[in-house]
Amino acid sequence: MPNQPGRSGVFTVVDTSATNIGRRAFLGIAGAGAAGAAVLAAKHTGGAAAGRLVAASRSTVTGADWAALARDLHGHLVRPGDSSYTVDKRLFDPRFDGLRPAGIAYCGNPQDVATCVNFARKYGVPLAARSGGHSYAGWSSTSGLIVDVTRMNSVHVSGTTATVGTGTRLIDLYNGLAAHGRAVPGGSCPTVGVAGLTLGGGIGVVSRAHGLTCDSLESVQIVTADGSILNANANKHSDLYWACRGGGGGNFGVATQFTFRTFATSDIVLFFLSWPWSRAAEVIKAWQSWAPHAPDALWSNLHLAAAPGGSTPVLQVGGTYLGSVTGAHNQLEKLYAAAGSGPSSYFLESTNYLHAMLVEAGCSSIGVQACHLPWQVPGGRLSRQPQYAKSDFFTKPLSNAGIATLLRNIQNLRKVRGANGGVGGIAFDALGGAVNRVSPAATAFVHRNALFGAQYTTDWTAGAAAGRVANQHAWLRSFWNAMRPYASGQAYQNYIDPDLTGWRQAYYGANYARLAQIKASYDPHRLFSFPQAI
Ligand SMILES: Cc1cc2nc3c(=O)[nH]c(=O)nc-3n(C[C@H](O)[C@H](O)[C@H](O)COP(=O)(O)OP(=O)(O)OC[C@H]3O[C@@H](n4cnc5c(N)ncnc54)[C@H](O)[C@@H]3O)c2cc1C
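Note that the structure is a prediction, hence the values are computed from the model and not measured. Residue numbers restart at each chain and count upward from 1, following the sequence in its written direction. Residue-level local features of this predicted model are given only where pLDDT is at least 70; pairs of side-chain atoms are given and counted only at 80 or more, and the full residue set underlies all totals for whole chains, interfaces and linings. Derived side-chain values reflect all non-hydrogen atoms in the structure, with water molecules and hydrogen atoms excluded from consideration.

Our next topic: the pattern of salt bridges. Between Lys or Arg on one side and Asp or Glu on the other, a salt bridge is scored when a side-chain nitrogen of the former is within 4 Å of a carboxyl oxygen of the latter. Within the structure shown, the criterion is met by 10 salt bridges. A salt bridge links Glu218 to Arg261; the nearest nitrogen and oxygen atoms lie 3.9 Å apart. Residue Glu218 is found in strand β9 (residues 217-223), and its partner Arg261 is found in strand β11 (residues 254-261); the two are separated by 43 residues along the sequence. Judged by relative accessible area, which is 33%, Glu218 ranks as partly exposed. Runs of H or I in DSSP of at least four residues are treated as helices and runs of E of at least two as strands, each being numbered from the N terminus. Relative accessibility thresholds used throughout: buried, under 20% of the residue-type maximum; exposed, over 50%; partly exposed, between the two (1.4 Å probe, protein chains only).

What follows concerns the nonpolar core. We define the nonpolar core as a collection of buried residues of types Ala, Val, Leu, Ile, Met, Phe, Trp, Tyr and Cys that are connected through side-chain atoms lying within 4.5 Å of one another. Counting 134 residues, the largest nonpolar core has Trp287, Leu304, Phe394 and Phe428 as the members making the most contacts within it. What makes two residues a contact is simply this: any of their non-hydrogen atoms within 4.5 Å. If near-sequence neighbours (up to four positions away) are discounted, Phe394 is found in contact with Phe428, Ala450, Leu451, Phe452, Ala454, Tyr456, Met483, Tyr486, Ala487 and Ser488. Within the second largest apolar cluster, 26 residues are counted, among which are Leu73, Val223, Leu527 and Phe528.

Here we come to the layout of surface pockets. A cavity here means a set of points on a 1 Å grid, drawn over the protein atoms and nothing else, where a 1.4 Å probe fits but cannot get out; a pocket is an open set with protein on both sides within 12 Å along at least five of seven lines, and a residue lines either one if it has an atom within 4 Å of a point. Grid points are joined across faces, edges and corners, and a volume is the space filled by probe spheres set on the points. When its volume is computed, the second largest pocket comes out at roughly 360 Å³. The wall of the second largest pocket is formed by 21 residues, among which Tyr106, Thr150, Arg169, Trp375 and Gln376 lie closest to the centre.

Now for the site of the ligand. For each residue, the test is whether any non-hydrogen atom lies within 4 Å of the molecule or strand; if one does, the residue is near. In the neighbourhood of the ligand, 33 residues make up the surrounding shell, with Ala129, Gly133, Ser140, Ile203 and Tyr492 lying closest. Definition of a polar contact: a pair of N or O atoms within 3.5 Å, with one able to donate and the other able to accept a hydrogen when the atoms are protein atoms, and with sequence-neighbouring residues admitted only if both atoms are side-chain atoms. Contact between the ligand and Ser188: an oxygen atom at 3.1 Å from a main-chain N or O atom of the residue. Only the protein chains shown count as cover for residues, and the accessible areas themselves come from Shrake-Rupley with a 1.4 Å probe. Burial of the ligand by the protein amounts to 95% of the accessible area it has alone, namely 950 Å². Of all the elements in the fold, those that place two or more residues in the shell around the ligand are β4 (127-130), α7 (194-199) and β11. Looking at the shell around the ligand, the element that brings in the most residues is α7, giving four residues.

What follows covers helix α17 (residues 512-522). An α-helical turn contains 3.6 residues, so a residue and the one three or four places further along point in the same direction. All of the buried residues along α17 are Tyr512, Leu515, Ile518, Lys519 and Tyr522. The arc enclosing the buried residues of α17, seen along the axis, measures out at 120°, which places them on a common side. When the buried face of α17 is taken as reference, the exposed residues oriented beyond 90 degrees from it are Ala513 and Gln517. Tucked inside the fold, the buried residues of α17 contact β10 (229-233), α9 (238-243) and α16 (503-508). Think of it as the arc spanned by the lines of direction from the helix axis to the C-beta atoms.

Glancing now at the packing of helix α10 (residues 280-290) against helix α14 (residues 400-412). Axis lines are fitted through C-alpha atoms, for helices just across the contact stretch, and the angle between N-to-C directions can take any value from 0 to 180 degrees. At a minimum axis separation of 10 Å, α10 and α14 run at an interaxial angle of 125°. When the interaxial angle is binned, α10 and α14 end up oblique. Crossing of α10 against α14: the hand is right-handed. Counted together, Ala280, Ala281, Ile284, Lys285 and Gln288 of α10 and Asn400, Ile403, Leu406 and Leu407 of α14 form the full contact between these two elements. In this count, Pro and Cys sit with the nonpolar residues alongside Ala, Val, Leu, Ile, Met, Phe, Trp and Tyr, while Asp, Glu, Lys and Arg are called charged and the others, Gly among them, polar. For the contact of α10 with α14, a count of residues per class yields six nonpolar, two polar and one charged. Each angle gets one of four labels, with under 35 degrees taken as roughly parallel, over 145 as roughly antiparallel, 65 to 115 as roughly perpendicular, and the rest as oblique. Each crossing gets its hand from how the near helix is turned against the far one by less than a right angle, where anticlockwise is left-handed and clockwise is right-handed.

Let's shift gears to the state of the cysteines. For the purposes of this analysis, a disulfide is any pair of cysteine sulfur atoms at a distance within 2.5 Å. A full pass over the atoms with the stated rule returns one disulfide. As a non-bridged cysteine, Cys107 has Cys116 as the owner of its nearest cysteine sulfur, 3.9 Å distant. Classification of Cys107 as buried rests on a relative accessible area of 0%.

With their axes 8 Å apart at the nearest point, α10 and helix α11 (residues 325-339) run at an angle of 135° to one another. As the angle between them shows, α10 and α11 are arranged oblique. Viewed along their axes, α10 and α11 form a crossing whose handedness is right-handed. Judged by residue contacts, Glu282, Val283, Ala286, Trp287 and Trp290 of α10 engage Gln331, Leu332, Lys334, Leu335, Ala338 and Ala339 from α11.

Structure (structure tokens):
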């Protein structure tokens, strides 16, 4: 298998001698190695916010009977001072390593979750549910109790239905389902938790054919604020079931089990194509009139990336095709014709579904077991990387002025005094197809009319100078601001963005009012709370 990029996000494999190249490496192509002293970045992380949270809740946290909680759990409780605390409190992004929860409960079953919920309610201890820990805002941590569901990570298949513990990480979900020749549509990042992904929507490489992850959700077991363990589906607690399909993680209770409709897998075509930056305007114009209107079997995304102090930015189109290699070529020829040129570099292969998910994860050469963080499973070889992100949905193609703005802002990053290992860019994901055939009110996921979504990201090496990181953050904000005239104003609730004003409308649109009613009914005292909670 030749070296190839994936789409997983910000992973690096710890062993750089591995033949695998993740998306991170693709983004780094543009980098000329930005300077930046490696000093502690904690001040710039969630540290300050964490301090405020701890101060606000110290009295309730210290007065609670933690020993009783530890005794009552089938799983186990980790407290400050325990040898594993430093690792157990980590989220995916090292920016949040300064957060200091008063306890982390590894729940062994739904009853443990109910015990935690009752404890938090009784003592007024703040709580946050945690699955994969990938919240962009660090909102699966808290000064109080983290209710961790990762011990509940089983995948059982019966016929076309899968019952999945909500602590299952995506690579384990794909692996568990692959043994039965089945899959659920989902994202690319191998260590994202199925809970956060599903509750906020779930966009992935087969979404145009099979919909969002939440569109495959048939029922959810969830522990609500009064400690009840409820099963919500189309017939029972149907309002809660509706809210759990796009209403966002952390809002309505702690989900413990999902039942998904699955689809049968067959070989899938993967492609990664690059064009010279000089062709960028033509390729963007062509991609946006091609990708959202292609047959459902074709999904693609468009990446533009640059680096502070780096050379020419890079442009890549990647994607999947559920069909033959010839069929994929036929579709791609349409893109080349619209762009007026074929790609300057090209990778295409047909492979089995699980291998495709490993490629997308950037793990094709290391396999499923190593496709985890080192403390998650023995032999895990991925590492973490800090990142800022913002998002948009676009309901109209970008005009010429919009494309010029996009290109100018990507190029601007080269002039930024950025951090060690800094990169940044934008990834557009094609929508349409099965995603848009669902009515905006049928589930809580309202974004059913977009041609494509976009994620703006900038990342750097952990420990980079805070001032340099701040420069990259400023670049990201300025880029996103410049795109206001062209974007729809909607944003993806799973790319949760603490800087976003008007988030209620941006994440939930016309569905917000119903979500607020459901919140009032199942969590009237707002036990489940965070800065952008419904
Ligand atoms: C590197 C990277 C790649 C990504 N790739 C994709 C992608 O391809 N497609 C996509 O759609 N999204 C993607 N995302 C976004 C991802 O879907 C969200 O960040 C999602 O919320 C992460 O879920 P989690 O369980 O890992 O995170 P967590 O941080 O554990 O949880 C996220 C939120 O959900 C809550 N929550 C966690 N567990 C539960 C539970 N059991 N019950 C109720 N609430 C819970 C948390 O309290 C928090 O508010 C990516 C994110 C990152 C960082």
